[in-house]
Amino acid sequence: NKLEVAEQSQIDVGIHFESINDFDPVKNTFKAEGTIWTKWYAEDIPEAESSPLESLYFSNSIDSSSGIDTESSEGIIDLGNGQSYEYAEFSGYFKNNPIDYRGYPFNPIKLSIRVESDDYGIDKMIIKPEVESSDFSESIEILGYKPKKLIPQQLVREYSTSWGLRNDGLESNIEVNSDAEQYSIAEFNFELTRSTWIGIRRQVVPVFIVIAVAIMSFTLPAQLAARVSTPPGLLLALVFLQGQQYGDIPASIEGWTYIGKLTACGYLIVFLSFVDALRAYQLKSESDIQAFECASKKQGIFLTTLVFLVSLL
């Protein structure tokens with residue numbers, strides 16, 4: 001049975017997250033479990049044959065087992081003043097909204113769940129998220145991230161199809177409302193902050209070590225063979241570290257990440273150190289060698305300043 005609703009009826013939807021796990025930053029998916037509830041007034045939905053909860057679903061779920069367990073509901077509860085209430089448990093896997101990784105490995109992330117009605121467009125039902133009541137369990141923990149806050153917001157989803165009910169240029173006996181392709185959505189964004197220490201230890205420190213060794217090679221004697229043999233090893237280390245970065249973030253992200261800029265700076269310095277070593281190996285006279293070593297040390301100081309500025313910016 002479908003819910004018969006009055007014009008522009010409204011239901012309030014709230015969510016409490018009990019657990020969030022299996023977050024995959026590459027696929028941008030996660031698993032969540034918790035409780036969802038609805039509130040509505042009798043004058044908005046005067047002839048309900050079933051609860052509004054049965055018409056709701058998660059529009060960003062990614063498997064058939066994800067959804068609202070209406071069997072866990074204890075039925076409709078009368079809150080007085082004509083307001084009704086019903087709650088149920090939910091669980092499932094969800095496809096998250098795109099994440100801005102420009103600040104990686106220090107960027108926060110938002111895990112989103114979108115609640116939509118599969119029966120009624122925005123001309124019939126408005127879904128309003130409960131901002132104050134919606135919350136999350138303090139025991140939620142994702143490796144490398146700390147829960148910060150839950151941000152509910154009301155959205156409108158517009159479909160580019162009428163599902164065959166509107167045929168332009170043809171007569172039809174079916175009356176289709178102009179708002180039929182627009183649906184009200186309650187989106188719940190769970191924001192988590194990245195652990196600064198973990199980001200520094202896992203991502204920044206290894207790149208800094210490679211850069212520091214490359215800069216130190218500018219202070220070595222010009223004719224020392226280590227000046228030529230060190231850069232190739234450092235280059236392989238940077239390639240390995242960059243491969244680890246792609247294991248934590250999508251490879252298709254747009255723009256530069258913080259650690260990406262730092263790694264690019266490392267590539268530049270390693271390349272310059274290799275070129276510098278090749279030039280030094282070709283010097284013959286003692287005066288040329290001394291002048292070259294003096295200029296090389298100044299270049300090392302300049303590159304140190306460059307890395308410091310890149311790190312700050």
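Because the structure is a prediction, the values reported are computed rather than measured. (Residues numbered from 1 in each chain as written. Predicted model: local features only at pLDDT ≥ 70, side-chain atom pairs only at ≥ 80, totals over all residues. Heavy atoms only, no water.)

*Asks:* So what's going on with the overall build of the protein chain? Residues and values would help.
*Replies:* Regarding its fold elements, the protein chain presents four helices and eleven strands. In the protein chain, which comprises 313 residues, the share counted as buried stands at 42%. Residue pairs at least 24 apart in sequence account for 78% of intrachain contacts in the protein chain once pairs closer than 6 positions are excluded. For the protein chain, the exposed area adds up to about 17,300 Å²; of that, 53% sits on carbon and sulfur atoms. (Helix = DSSP H or I, 4+ residues; strand = E, 2+ residues; numbered from the N terminus. Buried < 20%, exposed > 50% of the residue type's maximum accessible area, 1.4 Å probe, protein only. Contact = heavy atoms within 4.5 Å. Areas by Shrake-Rupley, 256 points an atom, 1.4 Å probe, with all protein chains shown as cover.)

*Asks:* How would you summarise the packing of aromatic side chains if you had to cite specific residues and measurements?
*Replies:* Two measures describe an aromatic ring pair: the distance that separates the ring centres and the angle between the ring planes. Evaluation of the coordinates by the stated rule reveals ten aromatic pairs. Between Phe17 and Phe90, the aromatic rings sit 6.2 Å apart at their centres with planes inclined by 85 degrees, giving edge-to-face as the arrangement. One end of the pair, Phe17, is in strand β1 (residues 9-24); the other, Phe90, is in strand β6 (residues 83-95), with 73 residues separating them in the sequence. Phe90 gets classed as buried once you look at its relative accessible area, which sits at 4%. Phe17 sits in the buried class, given a relative accessible area of 1%. (Phe/Tyr/Trp six-rings, centres within 6.5 Å; stacked < 30°, edge-to-face > 60°.)

*Asks:* Tell me about the confidence of the model for the protein chain, residues and numbers included.
*Replies:* On average, residues of the protein chain score 83 in pLDDT, and 88% of them are at 70 or above. Confidence, expressed as mean pLDDT per element, reaches its minimum in the protein chain at helix α4 (residues 286-312) with 78 and its maximum at strand β9 (residues 135-136) with 93. (pLDDT = per-residue confidence, 0-100.)

*Asks:* I'd love a proper account of the pattern of salt bridges, names of residues and values included.
*Replies:* The final tally for this structure, using the stated rule, is seven salt bridges. Across the pair Glu33 and Lys31 runs a salt bridge whose closest N-O atoms are separated by 4.0 Å. By relative accessible area, which is 34% here, Glu33 ends up partly exposed. The exposure class assigned to Lys31 is partly exposed, which follows from its relative accessible area of 24%. As a salt-bridge pair, Lys148 and Glu191 come within 3.7 Å of each other at their nearest N and O atoms. Of this pair, Lys148 sits in strand β10 (residues 145-158) while Glu191 sits in strand β11 (residues 182-194); the two residues are 43 residues apart in sequence, bridging distant segments of the chain. Assessed through its relative accessible area of 46%, Lys148 is described here as partly exposed. (Salt bridge = Lys/Arg side-chain N within 4 Å of Asp/Glu carboxyl O.)

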